[in-house]
Amino acid sequence: MKLAFVVAAAKNGVIGRNGGLPWRLSTDLKHFKKLTMGKPMLMGRRTWDSIGRPLPGRETIIVTRDRKFAAQGAHVAHSVEEGLHVASEQAKRMHADTIIIAGGADIFAALLDRADMVHLTEVDLAPEGDVRFPPLDPGKWVEVACEVPARAANDEANVRFLTYARR
Ligand SMILES: NC(=O)c1ccc[n+]([C@@H]2O[C@H](COP(=O)([O-])OP(=O)(O)OC[C@H]3O[C@@H](n4cnc5c(N)ncnc54)[C@H](OP(=O)(O)O)[C@@H]3O)[C@@H](O)[C@H]2O)c1
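Residues numbered from 1 in each chain as written. Predicted model: local features only at pLDDT ≥ 70, side-chain atom pairs only at ≥ 80, totals over all residues. Heavy atoms only, no water.

K.L.:
An account of the site of the ligand is needed here, citing residue identities and associated values.
P.N.:
Ala-8, Arg-45, Arg-46, Thr-47 and Thr-64 are the nearest of the 28 residues found near the ligand. The contact in question runs from an oxygen atom of the ligand to an N or O atom on the side chain of Arg-45, over 2.7 Å. Residue Asp-106 places a main-chain N or O atom 3.5 Å away from an oxygen atom belonging to the ligand. For the ligand, whose unbound accessible area comes to 940 Å², protein coverage reaches 88%. (Near = heavy atom within 4 Å. Polar contact = N/O pair within 3.5 Å; in protein donor to acceptor, adjacent residues only side chain to side chain. Areas by Shrake-Rupley, 256 points an atom, 1.4 Å probe, with all protein chains shown as cover.)

So this is what it looks like as structure tokens:
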């Protein structure tokens, strides 16, 4: 089973602010949907809180240490390993060959060494923020695709869709 990160990061590495995203980018939301549709998505409890609902056509697995936590329409796991196990079962059921790792920083940090692909949306901003994604080590990751989508009227910035594969 492959692990694919999906992350949008500003030029300064910022990915989040005050429990949400520091930008409005409809172009990236569409890209996120395309990359994640039909697949299980593993995410930390705070990222789940920021989305607030299960996304149609995908299975969400939430990682939390809170044994009492429950979320309608999503699966709950109490460690990253358990989360991967549940995600793997869901992937088989969905006939998907990839588990999406949807963040945030804790979950990215726990799994970066095991990721196969990173789908990075590079956001042409340098906002204030409290959650970051570290630069990818060029010794370990190679850029295999780069797409520059047209900017939509309601996008707050230009973006580039970069795909990295493990060397
Ligand atoms: N730009 C992007 O691509 C992107 C992607 C994702 C998220 N974000 C942003 O990032 C922020 C959220 O990320 P975050 O880093 O603050 O939090 P997060 O990684 O989404 O969630 C952290 C929570 O996950 C649980 N957790 C983490 N490691 C665990 C482990 N080993 N075992 C069990 N549970 C574990 C804990 O939940 P409990 O506290 O419940 O125990 C922890 O508080 C938001 O601002 C969001 O909008 C941005």
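Moving on from the coordinates now.
K.L.:
Can you lay out the pattern of salt bridges for me, pointing to particular residues and giving the numbers?
P.N.:
Taken as a whole and assessed by the stated rule, the structure comprises six salt bridges. Glu-81 is the partner of Arg-114 in a salt bridge, and the nearest nitrogen-oxygen pair spans 2.6 Å. With Arg-114 in the loop between helix 4 (105-111) and strand 7 (117-123) and Glu-81 in helix 3 (residues 80-94), this residue pair connects regions lying 33 residues apart in the sequence. Exposure remark for Arg-114: the relative accessible area of 41% places this residue in the partly exposed category. One salt bridge in this structure joins Arg-160 and Glu-122, with 2.8 Å as the shortest N-O distance. Taken together, the residues span a long stretch of sequence, with Arg-160 in strand 10 (residues 159-166) and Glu-122 in strand 7 at a distance of 38 residues. (Salt bridge = Lys/Arg side-chain N within 4 Å of Asp/Glu carboxyl O. Helix = DSSP H or I, 4+ residues; strand = E, 2+ residues; numbered from the N terminus. Buried < 20%, exposed > 50% of the residue type's maximum accessible area, 1.4 Å probe, protein only.)

K.L.:
Explain the side chain of Asp-28 to me, and be specific about the residues and the numbers.
P.N.:
Mapped onto the fold, Asp-28 is located in helix 1 (residues 26-36). For Asp-28, which is buried and forms no salt bridge, the nearest opposite charge comes from Lys-34, at a distance of 11 Å. Discounting chain neighbours no more than four positions away, the residues touching Asp-28 are Ala-8, Thr-121 and Phe-161. (Lys, Arg positive; Asp, Glu negative; His and termini not counted. Contact = heavy atoms within 4.5 Å.)

K.L.:
Summarise the nonpolar core; cite the residues concerned and give the values.
P.N.:
Phe-5, Leu-42, Ile-101, Leu-111, Val-118 and Phe-133 are the most contacted members of the largest nonpolar core, which totals 28 residues. Elements that contribute at least two residues to this core include exactly strand 1 (2-10), strand 4 (59-63), helix 3, strand 6 (98-101), helix 4, strand 7 and strand 10. The residues touching Leu-111, leaving out its near neighbours within four places in the chain, are Leu-3, Phe-5, Leu-42, Val-80, Leu-84 and Ile-101. Counting residues in each nonpolar core, the second largest holds 14 residues, with Leu-35, Met-41, Met-43 and Ile-100 among its members. (Core = buried A, V, L, I, M, F, W, Y, C linked by side-chain atoms within 4.5 Å.)

K.L.:
Residues and numbers for the pairing of strand 3 (residues 40-44), please.
P.N.:
Within strand 3, five of the five residues are buried, leaving the element largely enclosed by the surrounding structure. For the crossover that starts at strand 3, traverses helix 2 (residues 45-51) and ends in the parallel strand 4, the hand is right-handed. Where strand 3 and strand 6 come together, two bridges link them in parallel fashion. Pairing of Met-41 across the sheet is with Ile-100, part of strand 6. (Right-handed = clockwise from strand over helix to strand, strands pointing away. Pairing = 2+ DSSP bridges.)

K.L.:
Go over the packing of aromatic side chains with me, naming the residues and quoting the values.
P.N.:
Taken as a whole and assessed by the stated rule, the structure comprises three aromatic pairs. Site record: aromatic cluster; members linked through ring pairs are Phe-5, Phe-108 and Phe-133. (Phe/Tyr/Trp six-rings, centres within 6.5 Å; stacked < 30°, edge-to-face > 60°.)

K.L.:
Describe helix 3, listing the residues and the values that go with them.
P.N.:
If you check helix 3, its first and last C-alpha atoms are 20 Å apart, about what 15 residues at 1.5 Å a residue would give, namely 21 Å. Its buried side turned inward, helix 3 meets strand 1, strand 3, strand 4, strand 5 (75-77), strand 6 and helix 4. Within two residues after helix 3, His-95 carries a phi angle of roughly 60°, on the positive side. (Expected span 1.5 Å × (residues − 1).)

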